[in-house]
Amino acid sequence: MTARMDTDGALNLIDLVKRFPDSDTARTYLESVLWPSGPVCHHCGTVGESTKLEGRSCRTGLYQCRICEGQYTVTCGTIFENTKVGLDKWMVAFSILCASKKSISALQMSRMLKLSYKSAWHMCHRIRHAMQNGNFKKLNGVVEVDETYVGGKAKNAHNGKPVPKKVPVVSLVSRDGNMKARVVTSVDHKTIKATLKRYVEPTAEIFTDGGTHFPAAVQGYAGHETVNHDAKEYVRGVVHIQGCESFNALLKRSLMGAWHAVSEKHLPRYVGEVAFRWDYRKVSDSERILQALKQADGCRLTYQQCRKVNHEQTQAQAG
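Being a predicted model, the structure only gives us computed values, none of them experimental. (Residues numbered from 1 in each chain as written. Predicted model: local features only at pLDDT ≥ 70, side-chain atom pairs only at ≥ 80, totals over all residues. Heavy atoms only, no water.)

Peer 1: An account of unusual backbone geometry is requested, with residue identities and associated values reported.
Peer 2: Of note in this structure, Ser103 is not a glycine but carries a positive phi near 65°. Residue placement: Ser103 occurs in the loop between helix H3 (87-99) and helix H4 (106-113). Judged by its relative accessible area of 11%, Ser103 falls in the buried class. Of note, Lys114 is a non-glycine position whose phi angle comes to about 55°, a positive value. In this structure, Lys114 sits in the loop between H4 and helix H5 (117-131). (Helix = DSSP H or I, 4+ residues; strand = E, 2+ residues; numbered from the N terminus. Buried < 20%, exposed > 50% of the residue type's maximum accessible area, 1.4 Å probe, protein only.)

If you want it as C-alpha cells, here you go:
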C-alpha cells in the first residue's frame, strides 16, 4: 500500500512512523512523487518502459530500461543518490525541516533520527539544496526590497578575539506572495541593481526604505516608493516593506534559536531554507513537504562538495 501524506501534523513523529514504517514504504511513496506517470529512465529519459528487477542479486528498487537497458533507481540524479541513510529517515527529516518555522539544528536532527552528527549535517544541507531547486520566475508587481546583516555582535567578542564579520542578505518580497533572498558581498547601488536585474521584472514597482543606495539601483523600473524610517515612518498607505522585515526577523530567529553560528559560504543554503518556507507559508505542512520532495530531483550535493567549502574557508582564515 502506498503511503500518503494527506494529513497535517508533520511534526507528529508517531504519525510519520506509521506512514513510513520502513525504507521500502518510503521508497514506494518517493516513486509516486517523482514518477507520477511511471518509472523514468535515468539514462535515456524514457517513461514507462522499464522493468522492476527483483531477486537476491538485485538491490531494492532497481529498474532496467527496455530501450537502453540501463539500470537505475528512483534515487538516481536526486539528493538521495548514494545515501546510506534509510529513506524512511529522509521522509522524517524532510517533514521536520519543512514544518519547523524557525528551523532545527543538525545536532537536534542527529538525536531525533539516531544518526551521527556528520550524517545529519549533510542530510540537512542536501534538503536545503533541494529547497532552492524551485521556481526561477522573476518577481513582478509591487516588490519590497530590504537588506539585513547576519553575524555576531562586536560586544560579544571577548578575550581579544576578532570582531565577527557581518554578511549582508538582500530580500525581495513580491506582494503576490513569492520572494527571493540572496547573500551579497556588499550593499551599494551596483550590488542592489545587479540583484534586481536578475530577479525582478522591469515592469515591477519597487518599495524600499530611505537607504541612499536605492534611488540609483531602481532606475529603469516602473516606479519607486520609500518609507522614511529615520522619521519613524513605517507605513504610508500601501507603501511599506513589512514583508521584507518579517522575513528578516524569521532569518534572525532561526540563526539565534537553532543554528547559532553559520559560516559565510554555507549561509546561502540557510537563507534559501527560510525563503522556501516563506514562499509556501500559506499551504499545509503536507503540501510544503510534497513540494520540497519534488524539487529533490535533478540536484545533488555530495559530502565532498560540502567538505570542500569548509576546507576553503579554513585555508582563507589561515591565510
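Peer 1: Help me get a handle on a positive patch on the surface, residues and values and all.
Peer 2: Where like charges cluster on the molecular surface, the positive patch consists of Lys101, Lys102, Lys153, Lys155, Lys166 and Arg253. Locating Lys155 in the fold gives a position in the loop between strand E4 (142-150) and strand E5 (167-174). With relative accessibility at 62%, the residue Lys155 sits in the exposed group. (Patch = residues over 30% accessible without salt bridge, like charges linked within 9 Å, V, L, I, M, F, W, Y side chains within 5 Å. Areas by Shrake-Rupley, 256 points an atom, 1.4 Å probe, with all protein chains shown as cover. Salt bridge = Lys/Arg side-chain N within 4 Å of Asp/Glu carboxyl O. Lys, Arg positive; Asp, Glu negative; His and termini not counted. Charge placed at Lys NZ, Arg CZ, Asp CG, Glu CD.)

Peer 1: Describe H5, listing the residues and the values that go with them.
Peer 2: Helix length check: H5 (15 residues) gives 21 Å between terminal C-alpha atoms against 21 Å at 1.5 Å per residue, within 8%. Along H5, the residues classified as buried are Ala120, Trp121, His122, Met123, Cys124, His125, Arg126, Ile127, Arg128, Ala130 and Met131. (Expected span 1.5 Å × (residues − 1).)

Peer 1: Lay out the sheet that holds strand E3 (residues 71-72) with the relevant residues and their values.
Peer 2: Pairing in this open sheet of three strands is antiparallel, and the strands run E1-E2-E3 from one edge to the other. Two strands close off the open sheet at either side, each with one partner strand: strand E1 (50-52) and E3. Bridging between E1 and strand E2 (residues 63-65) involves three bridges; their strand directions are antiparallel. The partner of Ser50 across the bridge, within E2, is Cys65. (Pairing = 2+ DSSP bridges.)

Peer 1: An account of the side chain of Ser174 is requested, with residue identities and associated values reported.
Peer 2: Here Ser174 is to be found in strand E5. When its relative accessible area of 3% is taken as the criterion, Ser174 is described as buried. Separated by 2.8 Å, the side chains of Ser174 and Asp176 make a polar contact. Leave out the neighbours within four places in its chain, and Ser174 touches Leu139, Asn140, Val142 and Val143. (Polar contact = N/O pair within 3.5 Å; in protein donor to acceptor, adjacent residues only side chain to side chain. Contact = heavy atoms within 4.5 Å.)

Peer 1: I'd like a description of the packing of aromatic side chains, backed by residues and values.
Peer 2: Per the stated rule, a full pass over the model turns up 11 aromatic pairs. Ring centres 6.1 Å apart and planes at 20° place the aromatic pair Tyr63 and Tyr72 in the stacked group. Comparing Tyr63 with Tyr72, the two get one shared label, buried. Seen in terms of ring centroids, Phe276 and Tyr280 are 5.0 Å apart; in terms of plane orientation they differ by 45°. Their pairing is tilted. A residue is classified by how much of its surface remains accessible, and Tyr280, at 23% relative accessible area, is partly exposed. A connected cluster of aromatic rings, assembled from ring pairs, spans Trp35, Tyr63 and Tyr72. One Lys or Arg, Arg281, reaches over the ring of Trp278 and ends 4.2 Å from the middle of that ring. (Phe/Tyr/Trp six-rings, centres within 6.5 Å; stacked < 30°, edge-to-face > 60°. Lys NZ or Arg CZ within 6 Å of the ring centre and 35° of its normal.)

Peer 1: Which residues make up the packing of H4 against H5, and what are the values?
Peer 2: Viewed as axis vectors pointing N to C, H4 and H5 meet at an angle of 115°, and their least axial separation amounts to 8 Å. Classified by the angle their axes make, H4 and H5 are roughly perpendicular. Every pair of crossing elements has a handedness; the one defined by H4 and H5 is right-handed. Counting all contacts with H4, which are made through Ala106, Leu107, Met109, Ser110 and Leu113, the residues of H5 involved are Tyr117, Ala120, Trp121, Met123 and Cys124. (Axes fitted to C-alpha atoms, helices over the stretch in contact; angles between N-to-C directions. Parallel < 35°, antiparallel > 145°, perpendicular 65-115°, else oblique. Left-handed = near helix turned anticlockwise from the far one by under 90°.)

Peer 1: Lay out the pattern of salt bridges in plain terms, naming residues and giving numbers.
Peer 2: Opposite charge on two side chains makes pairing possible when the charged atoms of those side chains draw close. One pass over the full model with this rule turns up nine salt bridges. Between Glu81 and Arg300 there is a salt bridge; the shortest N-O distance is 3.7 Å. With Glu81 in the loop between E3 and H3 and Arg300 in the loop between helix H10 (285-294) and helix H11 (303-318), the pair connects residues that are 219 residues apart, well separated along the chain. Overall, Arg300 belongs to the partly exposed group, its relative accessible area being 34%. With a closest N to O distance of 2.7 Å, Asp285 and Arg288 form a salt bridge. Residue Asp285 and its partner Arg288 are located together in helix H10, separated by three residues, close to a single helical turn. Within this structure, Arg128, Glu273 and Arg277 form a network of salt bridges that share partners.

Scope: geometric values only; no functional claims are made or implied.
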